[in-house]
Each structure stands twice: as structure tokens, then as C-alpha cells.
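Chain by chain, the residues run as shown.
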Amino acid sequence: MIKQNVFEGISEVLDERRFAHGGNRRRMAEAAGCSPDDILDFSANVNPMGPPQWLGQVVGQALQDVDSYPDPDSTGLVMAAAERYKVWPTQVVAGNGASELLFAVAGLKGFRRAIIPSPTYVDYARSCKAHGLPVEEPLLTDDFKVDFPAMGPLLTTPSLVFLCSPNNPSGSLVSAADVREVAAMFPRSVFVVDESFAEFLPGDADRLTRDRPSNVITVLSLTKTYAIPGLRLGLAFADPDMILRIRRSMPSWSVNGLAQKVGERCLRDTAYLEETRERTKLLREELASGLRQVPGIKVMPGSANYLLCRMDRVGQDATRLQERLLMEHRIGIRLCGNYTGLDDCWFRVAVRSREDNEKLVRAMEVVAGTARGPVVRRTRRTPALMIQGTSSNAGKSVLAAAFCRIFLQDGYNVAPFKAQNMSLNSFVTDKGGEMGRAQVTQAMACRLNPDVRMNPVLLKPGSDTGSQVIVMGRPVGNMAVREYVEYKPRAWEAVKAAYDSLANEHDVMVLEGAGSPAEVNLKHHDIVNMAMAQYAEARVLLTGDIDRGGVFASIVGTMSLLTPGERSLVEGYVINRFRGDASLLDPAFSQMFERTGKPVLGTVPYIHSLGLPEEDSVSFKEGFRPEGDKLPEDQCVDIVVLDLPRISNFNDIDPLHAEPDVRVRVVSDAIDVGTPDAVIIPGSKSTVPDMRALKGTGMAAALRGLAGGRTRIVGICGGFQMLGRTVDDPYGLESETTRVEGFDLLPVQTTLSPEKTLTRTSGTHSASGLAVHGYEIHHGRTEPLSEELRVAMRDGSGEPLGYMRPDGRVLGTYLHGLFDADGFRRWFVDQLRMDKGLSPLEIARPVFGLEDALDHLASVVREAVDMDAVYRSLGLSRGCAQASLFRRGDG
């Protein structure tokens, strides 16, 4: 009986340890009936890049000393750690993995209890219980933050406090500043900060390896960072006397000779570490984006090399998901039901290679019953016209919209397409996908609902060398140029699938290129110009802007840089934005034909007051926007729009140009602001850097001065965030600083988060009772800090869409398209008129829309371009269009 009880006790302990951690491939393989090598293990969190390339060489050299005992003090390793983290060697101790160091720390004497904010790494509690130390596990907040004020009563007696940053399993961070503050308040307690996954974060700014109070111990793992779990290697940092206490509770020769040599090399390989940080962030964002597309899966934002997820389907938990993934797909995930505060609905997945991550997402789609079917391929050749340009801003977008409307008017079912668009001016579709505004205008020209297939790849620049990459309406990560070039083959697959799907549904496709097809440095990975034209079998019209000069040289030069096959796709040229008598260009046209063998098919005149949204911010930043008929200046209101370095969605301002009593000024210098009737702070791709830029130019001070007078101030999206007291950036999305002070014109606080809100929204403006509509597209959440603050508008569910001061003179909202609502726009302008002492304008208000502008554009282009030649090139005739419609059942 005694023997049986002993074996049962051992079995129970072993079973508990099996379930305590991920990474047990042998046990998973036994359950799945396969070899451990067949298991794709997402339950253990190690570097997705794998070990450094030099590992085998260093291990081979270290094996020469395998017949000798290792250095008991790990001197070389400690010196390398001291150099890497800029501390004294007496402040470092090495261990056989972070777990051994945590176990040794739990054995330190002089504490009444261990305080372990949970859910967190299960070995903290296990180590403390093994040493007989009572454990208290206060729960983290709903967003997995440590509630330090709630812990205050527990800290009044000496306690050993375990903090995990980034938290395992959630990936949330603990502010180093908060730890320093609390440690100073409770000097008799010791705070153990486990930074095992902190090396995956950008920079070392908010770390506790160096700038540490005397009662703080920091532990980190080289095992996870350098993908060497088989070697086991960890470090602890503390004051010298604490290091001595930890050493005394550890066995001799704790770190073997191989691990010591590898660790020394790891700590000096900064290039591998930087590449790890860049790649892991990108892979994490891609994986999170893919998992969020699986119905019933909630993905929590995180900062490390893993993601905490929750099964959100009624009546289901993650246990069945784990079983099916393992048995049917040989994929292992980590159930999180044994974490304090979590149940079996929660699970964690590691970030692995791009290929492995895709396998996980596809497998989860199958298990969820939403697996994507085979990629749709074109069943027929769809006639396609492509507009390419000799440069950016040559008028490609407008001409594409014109041809879309012309084909529609002639009876064809037509759709627009641009494979890749770089723009901060984006739009949210009815299905919550993000796409470029130019393709939205083109969709309207076709009288179609905007569809992300029309712009499958959208790049939103965040700096001079990097952009947020959005594929099929969803962000897949922030990439530097080099990273995006590596990603392009995957983007190209999405582009082809999107095009084929649209082409199957329409009679004619109108494609738009980007920049110039002759940018020879980009052609080898082109997916938007000639490569797309070849795939679509499109006929190309090459256009140049004669208003900027040099159009003939640029067209001839472009053709000379194209390959013979590419030149064969060009049907002819369109000269755009010409002022004057077009017949004067005939001699130039003859020379171009002689040099290139291609004709000029049209000369489009300069169209004043076009009335279409600008795709690019160039015209906006130059302060130029064609105005219609205006009232005398003393009868108009003066609205200043701030020019932000990273301005986005500047089309929010377009409807104001249509009002006869509004003059809009684009201002970048505080001196030029003056005392306008209103100031609008538009959206921004990078709120924190743009907010700092405004402060640097004195604009923030100017706004504070205006806020006390009659000037009304409106912040939209990023502008709304700037109006608040603070912007918190706990995940380092826009800044290395956790908290940045705002303009403090509204008592609100914004917290940026990796998850992006993308939604169409409608609601009611509180003060006027008028309807508003538009879309939200932002990272983060803004919350009020004062009961005096009023809700500016609410959505259909009664949730706030923005806030304003009690007097209504400072207002912030996340609603893009706010001024598109004709009634609200007129009400807003009339408020400005009355503030100025003018009467409300008693005339019929303009209706903001594009139908008339698109029809006008189409008539101008139809008159200027040889449409018969265009139709012949596509193998179409206007007489067949109506028959096509009847065949499709649309007549």
C-alpha cells in the first residue's frame, strides 16, 4: 500500500508538470500517434528565427573542454552580461535557465508571503510553495495590467512580489517607472521582475536590468531569445548583497561549459538581436491579423513572441480546439486553463515562421468550419484598360475614374482595380475593410460599393523608410522597405486572386498603375505596373502631366526604358492637364510617333474646379483647392486646417470647400494661424510624432490661446487624441516613451493599442440632434477624465463617438466623414457665422456628392480622347454593351 501511494504521488506530480508548460512534443506525439518531429509546436515560445548560425561552431569549440569542469562562477558569461547591460559583474548571476534562478529567489528568507499578480507564469507559485512561502494571487485588471493600488495593503508586510513583463501569457507590459515608484514606497518587500521575453521588445528604454532600486531583482532568459531551450541559460540582476544570497541557494557548477560559451557569444551578437526584434514584431502582427479572421477567436494585443487568445463561441472552449489541431493537423497549442484567473476558453500560441504561422491559421479555419475555398481564377479573358503614368501625380486616378464612368455610361458592367496603393488617405468599407480613397472614387464612378478587392494592397507610410501594410483590407504589419520586398511574393498572390475574382464578375476592368513603370530599381519586384498589365492582359494608356513640363521627354524616356514586351502593351498616350490650343501640339505628336511608334490618343484639358477628392496630400499641403463661387470675404467664415507631417484622411475637409461662405486655409506655421473662426486638426498616421511636431512649432501654444476665445476647435481621429491630456503608448507603436502629454484642451486620455478599429458608423450629434455618418479607422481608445465633459455625438447603440467641452467650443471625435452630412455641416458653419455676428445663411445648402462631378469629368475626357481607338484596342464596341447587360440579367 505504501509503495502504491508513493507511485500515485509521483504520477500526480509528473502529470501536473506535464500540463504546467508547453513544449512537450513527446507527449503530444504520443497522443497524436506520430513522431515528435511531425509536431508543429506552437505551445513553446522561442525565437522564430531559430538559433544563430554560429551556434554549431561555438558548441564544437566548447566540446574540446568537455573533459574539464565548467567555471563555477561563469566568469566569462557574467563579464559579457555586465558589458551588454552596462552593470558591474557583482550585480549579475547566471543560472541553468531562468526557472532555476526564480526557484532560488523564492527560497530567500525574511518574507511573510509571496504576492503574484495573476494570471502569470505558473512556476512562480510552484517555486514559492516548494519553499513553504504562502502565496497571494491578486488578479490583474481586465486588460491584464497590474493593479498596484489594490496590492497596497498586502505590501505593508515584507513580501516577495513576482512581476512578469511582458506578461506570460498575455504579453502585456509592466511599467518600469511604476515598479521603481512602488519599490521605493515599500522598501521591506523585494520585487522580482521577470523579463524573460523583454528582449523581443524594441530598445532597452523601459527595462530594469540596469536602473534598478536596491529591492528589485530582474531575471531574464537567453533560452527564449536565442532559441536554445536545450542548453538552458538565464541571468539575474540585483545589488551585490542580493546576488550573494541568490548564489548561496544555487548548486555548484549550475551552468555547464557549453551553455557558458554559447551565452558569451549570444550577448555580443547585437545584429542577431536587432533582426530578431524586427522580424518577431512583423510575424506577430501577421499572425494576429490572420487569427482575427477566424470566427469565434478573440486575439489579445501583446508585445512578445506569443499571443493570448480566447475561444468566444457559446458552449465551446479551447480544449476541443487543441484536440482537433493536434489529432487532425499535428499542431500543438498551449491551453491556459491552469493559469490563475483564466479558464479553458483561453489558449496561447507562439509566433513562429511565416510558413508555420500560415499553417496554423489555415488549420484553425478548417477546425472553425470557415476554411477558405480554392482561390478563384479567371474563367475568361476580361477586357482591361490600364492607366499608367510617367510619374506620380500625373492624373492616373482621375483618368481611371473618367474611363470607369464612360464605360458605365456606355452600358458596360465595369470595375476599378489598383494592385498596390501608397496613401494615408484611406476609407473603410461596409464590411470593415480598409482601402485607398482613389479606388473608392473610381467605384463610385462605376456605381459600385467600394470593395477591398479593388485595392488589395494598401501601404500607409509611417516614416521615410517604413509603412503599415494592409492586405485585403486588414493590416498585416509594419514593414521597412526591405521587409516589404521580402513580403511582396505573398502580396502578389493576394493581388492576383483579388483581380481574378473581380474580373469574373464584370465586363470591363479599368486598372491604375502607380508612380512610373520605368522605375528600373523597382521593376524586379513590380506588382502594380507592367507586371499587373501582363497578368491582366490589359491595354495600357501612358499619361503625362503637361502642366508640369517635360511631358514629351518623360513619355519618350519611359518607353525607351521598357522592354519590348512591355512596349507592346502600350496602346498610346494621353496628354493630361493641357491649357491652350491643342492643335499647337501636333508637331510634337508626330515626333513622338516617329520615335516610339505609338500615337497620342488624346489631350485632356486642365479641368478647373474638378470637385473630386484628392488622393495625394501634395495639393492639400500646397494649400491649393479649386473653389466654387464664394461670397465676399467679409461674409465668409475662416477655417484653418492644420498641416500635419503625417496627415491622413484629409478628404474629411473636402465638403467644407463646397460651402459658398467658407474659406479654408491650410496652415503649418503658428504665425499664420491668426484668429480664425475654427481650427480643424485632421487625422494622422502617427499621432505622437505629429503632436510633438506641432508643439515644436508653437502650434500647441497657439491653440491653447485660441481655445479661450471664440474660435472653435475640432479634432478628428488623431486630432482628437492630440486634444487630450495624455496619450499612452504601452506597446511602443509610435514612441519609445510610454506616456506623452497632449494639448490638454479636453479632459480625456488615449491609450494606443495594436488592434485597429475599422468600422462604418452613423449616429446623432448631441447639440443639434442632426444625423452624422462616416467611418472609424484608428488604433487606441479614448476615455473621459471629467464628469463635466459632454458627449458630442453617439452612435446608433448610444455609445459615444466623441466628446466636447460644456460650451461646445472644443470637440473631438473618431468619426471620419463628419462633414459629409449636409445638415450637420450647414449647422456647424452657421454656428461659426453667428459667433462672428453674421446671420445664418438662408439659402439652399449644397449637397455634397460626386455624381455631377464624375459625369462632367467623363464628358470632358470622352470629348478629348479617341474612344473609338480605345474600344477597338479592347475588342469592344458600344453597340454590344446593351446586349451584354441583358445577358447578365441586369436589363
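In what follows, the structure referred to is the one given above.
Residues numbered from 1 in each chain as written. Predicted model: local features only at pLDDT ≥ 70, side-chain atom pairs only at ≥ 80, totals over all residues. Heavy atoms only, no water.

Asks: Can you help me understand the overall build of the chain in this one?
Replies: Helices and strands together make up the secondary structure of the chain, namely 30 helices and 38 strands. A compact globule built from 891 residues should have a C-alpha radius of gyration of about 29 Å, and the chain, at 32 Å, falls within 12% of that. Across its three principal directions, the C-alpha atoms of the chain cover 100 × 65 × 50 Å. Of all 891 residues assigned to the chain, the portion counted as buried reaches 56%. Residue pairs in contact within the chain that sit at least 24 positions apart in sequence constitute 74% of those at least 6 positions apart. Summed over its atoms, the accessible surface of the chain is roughly 36700 Å², and 51% of this surface lies on carbon and sulfur atoms. (Helix = DSSP H or I, 4+ residues; strand = E, 2+ residues; numbered from the N terminus. Rg over C-alpha atoms; globule rule 2.2 N^0.38 Å. Buried < 20%, exposed > 50% of the residue type's maximum accessible area, 1.4 Å probe, protein only. Contact = heavy atoms within 4.5 Å. Areas by Shrake-Rupley, 256 points an atom, 1.4 Å probe, with all protein chains shown as cover.)

Asks: Honestly, the nonpolar core in this entry has me stumped. Any pointers?
Replies: By size, the foremost hydrophobic cluster in this structure holds 60 residues, and its most contacted members are Ile 639, Leu 642, Leu 656, Ile 680, Ile 713, Phe 743 and Phe 828. If we skip the residues at most four places from it in the chain, Leu 642 touches Ile 647, Val 667, Val 679, Ile 680, Ile 681, Pro 682, Leu 694, Met 699 and Leu 703. The next biggest cluster of nonpolar side chains, apart from the first, holds 57 residues, and it includes Phe 417, Ala 419, Val 528 and Leu 585. (Core = buried A, V, L, I, M, F, W, Y, C linked by side-chain atoms within 4.5 Å.)

Asks: What exactly am I supposed to notice about the sheet that holds strand β4 (residues 135-136) here?
Replies: Pairing between the strands of a sheet comes from backbone hydrogen bonds, and it takes one of two forms, parallel or antiparallel. Pairing within the open sheet is mixed, and its 7 strands lie in the order β2-β8-β7-β6-β5-β3-β4. The strands lining the two open edges of the sheet, one partner per strand, are β2 (92-95) and β4. Pairing of strand β3 (residues 113-115) with β4 involves 2 bridges; the strand directions are parallel. Paired with Ile 115 across the strands is Glu 136, a residue of β4. Running at roughly 160° to strand β7 (residues 216-221), helix α5 (residues 98-106) makes contact with β2, β5 (159-164), β6 (190-194), β7 and β8 (234-237) of the sheet. Running at roughly 160° to β5, helix α6 (residues 122-130) makes contact with β3, β4, β5 and β6 of the sheet. (Pairing = 2+ DSSP bridges. Axes fitted to C-alpha atoms, helices over the stretch in contact; angles between N-to-C directions.)

Asks: Is there a simple way to explain unusual backbone geometry in this structure?
Replies: Among all residues except glycine, the phi angle is most often negative; among peptide bonds, the trans geometry is most common. With omega at 10°, the peptide bond leading from Ser 118 into Pro 119 counts as cis. Among the structural elements, Pro 119 can be located in the loop between β3 and α6. Following Ser 165, the chain continues to Pro 166 via a peptide bond in cis, the omega torsion being 0°. Look at Arg 330: it is not a glycine, yet its phi comes out positive at around 60°. Under the relative-accessibility criterion, Arg 330 is labelled partly exposed at 28%. The backbone of Arg 577 sits at a positive phi, close to 60°, despite the residue not being glycine. Among the secondary structure elements, Arg 577 is positioned in strand β24 (residues 570-578). Arg 577 gets classed as partly exposed once you look at its relative accessible area, which sits at 22%.

Asks: Could you clarify how one ought to interpret the packing of helix α3 (residues 55-62) against helix α11 (residues 257-268) in this entry?
Replies: Describing two packed helices takes the angle between their axes plus the distance from one axis to the other. For the pair α3 and α11, the least separation of the axes is 9 Å and the interaxial angle reads 140°. By the angle class used here, α3 and α11 are oblique. By crossing handedness, the relation of α3 to α11 is classed as right-handed. Counted together, Leu 55, Val 58, Val 59 and Ala 62 of α3 and Leu 258, Lys 261, Val 262 and Arg 265 of α11 form the full contact between these two elements. Its residues placed into classes, the contact of α3 with α11 shows 6 nonpolar, no polar and 2 charged. (Parallel < 35°, antiparallel > 145°, perpendicular 65-115°, else oblique. Left-handed = near helix turned anticlockwise from the far one by under 90°. Nonpolar A, V, L, I, M, F, W, Y, C, P; charged D, E, K, R; others polar.)

Asks: Teacher, can you tell me more about the pairing of strand β20 (residues 466-471) here?
Replies: Successive side chains on a regular strand alternate, one facing one side of the sheet and the next facing the other. The element β20 is largely enclosed, with a buried count of 6 among its 6 residues. The alternating pattern of β20 places Gly 466, Gln 468 and Ile 470 on one face and Ser 467, Val 469 and Val 471 on the opposite face, and all of these are buried. Sheet topology note: the strand β19 (residues 457-461)/β20 ladder contains 5 bridges and is antiparallel. Residue Lys 460 lies in a different strand from β20, and its bridge partner there is Gln 468. With 6 bridges connecting them, β20 and strand β21 (residues 474-480) associate as antiparallel partners. Residue pairing for β21: Val 469 is matched across the bridge by Gly 477. The antiparallel hairpin formed by β20 and β21 contains 2 residues in its connecting segment, where Met 472 sits at a positive phi of about 50°.

Asks: It is not clear to me how helix α21 (residues 586-596) should be interpreted in this structure. Could you clarify?
Replies: For an α-helix the count is 3.6 residues per turn, leaving residues at separations of three or four pointing the same way. Taken together, the buried positions of α21 are occupied by Phe 589, Met 592 and Thr 596. Projected onto a plane normal to the axis of α21, the buried residues spread over an arc of 60° and lie on a single side. In α21, the exposed positions angled more than 90 degrees off the buried face are occupied by Pro 587, Glu 594 and Arg 595. Those residues of α21 that are buried are in contact with α19 (551-561), β24 and β25 (600-605). Immediately beyond the C-terminal end of α21, within one or two residues, lies Gly 597, with a positive phi of roughly 75°. (Arc of directions from axis to C-beta.)

Asks: Just to check I follow, could you spell out the packing of helix α4 (residues 75-85) against α11 for this structure?
Replies: Following both chains from N to C, one finds α4 and α11 inclined at 15°, their axes separated by 8 Å at the closest point. Our classification of the angle between α4 and α11 gives roughly parallel. Where α4 crosses over α11, the handedness of that crossing is left-handed. On α11, the residues that touch Gly 76, Leu 77, Ala 80, Ala 81, Glu 83, Arg 84 and Tyr 85 of α4 are Gln 260, Gly 263, Glu 264, Leu 267 and Arg 268. Looking at side-chain class alone, the contact of α4 with α11 contains 5 nonpolar, 3 polar and 4 charged residues.

Asks: Looking at this structure, I do not really get the sheet that holds strand β10 (residues 306-311). What am I missing?
Replies: Reading across from one edge, β9-β10-β13-β12 is the order of the 4 strands in this open sheet, with antiparallel pairing throughout. Each edge of the sheet is formed by a strand with only one pairing partner; in this case those strands are β9 (297-299) and β12 (334-335). Helix α12 (residues 270-292) contacts β9, β10 and β13 (346-350) of the sheet and is inclined by roughly 10° relative to β10.

Asks: Explanation requested: the pairing of strand β29 (residues 678-681) in the structure shown.
Replies: Here β29 shows no split at all, with Ala 678 and Ile 680 on one side and Val 679 and Ile 681 on the other all buried. In this structure, β29 lies alongside strand β31 (residues 712-716), joined through 4 bridges in parallel fashion. Across the sheet, Val 679 pairs through a bridge with Ile 713, a residue of β31.

Asks: Would you mind going over helix α29 (residues 867-874) with me for this structure?
Replies: Counting buried positions along α29 gives 6 out of 8 residues, so the element sits mostly inside the fold. For α29, the complete set of buried residues consists of Met 867, Ala 869, Val 870, Tyr 871, Ser 873 and Leu 874. Where α29 starts, the residue carrying a side-chain oxygen 3.3 Å from the main-chain nitrogen of Asp 868 turns out to be Asp 866. Of the residues one or two after α29, Gly 875 is the one with positive phi, at around 75°. (Polar contact = N/O pair within 3.5 Å; in protein donor to acceptor, adjacent residues only side chain to side chain.)

Asks: Please explain the packing of aromatic side chains as it appears in this structure.
Replies: Each aromatic ring pair is characterised by the separation of its centres together with the angle its planes make. What the rule picks out here adds up to 20 aromatic pairs. On the basis of an interplanar angle of 85° and a centroid distance of 5.3 Å, the ring pair of Tyr 121 and Tyr 124 is categorised as edge-to-face. Between Phe 819 and Phe 828, the ring centres sit 5.2 Å apart and the planes meet at 50°, which makes this aromatic pair tilted. Here the aromatic residues Phe 403, Phe 407, Tyr 412 and Tyr 871 are joined through ring pairs into a cluster of three or more. Directly above the aromatic system of Phe 42 lies the positively charged group of Arg 352, at a separation of 5.6 Å from the ring centroid. Its guanidinium or amino end placed over the ring of Tyr 606, Arg 579 lies 3.8 Å from that ring's centre, counting from NZ or CZ. (Phe/Tyr/Trp six-rings, centres within 6.5 Å; stacked < 30°, edge-to-face > 60°. Lys NZ or Arg CZ within 6 Å of the ring centre and 35° of its normal.)

Asks: Teacher, can you tell me more about the pattern of salt bridges here?
Replies: Side chains that carry opposite charge are capable of pairing whenever their charged atoms lie near each other. Scanning all chains against the criterion turns up 53 salt bridges. Across the pair Glu 199 and Arg 84 runs a salt bridge whose closest N-O atoms are separated by 3.5 Å. Separated by 115 residues along the polypeptide, Glu 199 in the loop between β6 and β7 and Arg 84 in helix α4 bring together distant segments of the chain. For the residue pair Glu 199 and Arg 84, the accessibility class agrees, reading buried in each case. For the salt bridge of Glu 358 with Arg 490, the shortest nitrogen-to-oxygen distance reads 2.5 Å. Here Glu 358, found in helix α14 (residues 354-367), pairs with Arg 490, found in helix α17 (residues 481-505); they are 132 residues apart in sequence, far enough to count as distant. On the basis of relative accessibility, which here comes to 28%, the residue Glu 358 falls in the partly exposed class. Taken together, the shared-partner salt bridges in this structure form one network comprising Glu 659, Asp 661, Asp 822, Arg 825, Arg 826, Asp 830 and Arg 833. (Salt bridge = Lys/Arg side-chain N within 4 Å of Asp/Glu carboxyl O.)

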